[in-house]
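# Structure at a glance
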Amino acid sequence: MVIIYGLAGLLGLFLLIVYAVSFGIDNSKQVKLLRSELKEIKKEIKILGENQK
């Protein structure tokens, strides 16, 4: 019985780690996407500022 609980615990731990890693990867992709959008917006603002001068 103890072996079954141990295996269930290891399986649960493994699934938790897999979920945490995949969640972290998704977040990092979103952060990279937001950074690239911010860079693009900054470029557009800079161009607009130069055109108004």
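See the structure printed just above.
So, here is what we can say about the structure in this document. (Residues numbered from 1 in each chain as written. Predicted model: local features only at pLDDT ≥ 70, side-chain atom pairs only at ≥ 80, totals over all residues. Heavy atoms only, no water.)

Turning our eyes to something else, we now look at the overall build of the protein. For the protein, the helix and strand inventory stands at one helix and zero strands. The C-alpha radius of gyration computed for the protein amounts to 23 Å, which surpasses the reference 10 Å derived for 53 residues by more than 25%, pointing to a less compact arrangement than a globule. Judged by the C-alpha coordinates and their principal axes, the protein covers about 80 × 5 × 5 Å. Expressed as a percentage of the 53 residues in the protein, the buried residues total 0%. Carbon and sulfur atoms make up 71% of the accessible area of the protein, which amounts to about 5300 Å² in all. Across the protein, the centroid of the 8 positively charged side chains sits 8 Å from that of the 5 negatively charged ones. (Helix = DSSP H or I, 4+ residues; strand = E, 2+ residues; numbered from the N terminus. Rg over C-alpha atoms; globule rule 2.2 N^0.38 Å. Buried < 20%, exposed > 50% of the residue type's maximum accessible area, 1.4 Å probe, protein only. Areas by Shrake-Rupley, 256 points an atom, 1.4 Å probe, with all protein chains shown as cover. Lys, Arg positive; Asp, Glu negative; His and termini not counted. Charge placed at Lys NZ, Arg CZ, Asp CG, Glu CD.)

Turning next to the packing of aromatic side chains. This structure, assessed with the given rule, holds one aromatic pair. Where Y19 meets F23, the ring centres are 6.1 Å apart and the plane angle is 20°; that geometry is what we call stacked. Residue Y19 and its partner F23 are located together in helix α1 (residues 2–52), separated by four residues, close to a single helical turn. Given a relative accessible area of 55%, Y19 falls into the exposed group. By relative accessible area, which is 45% here, F23 ends up partly exposed. (Phe/Tyr/Trp six-rings, centres within 6.5 Å; stacked < 30°, edge-to-face > 60°.)

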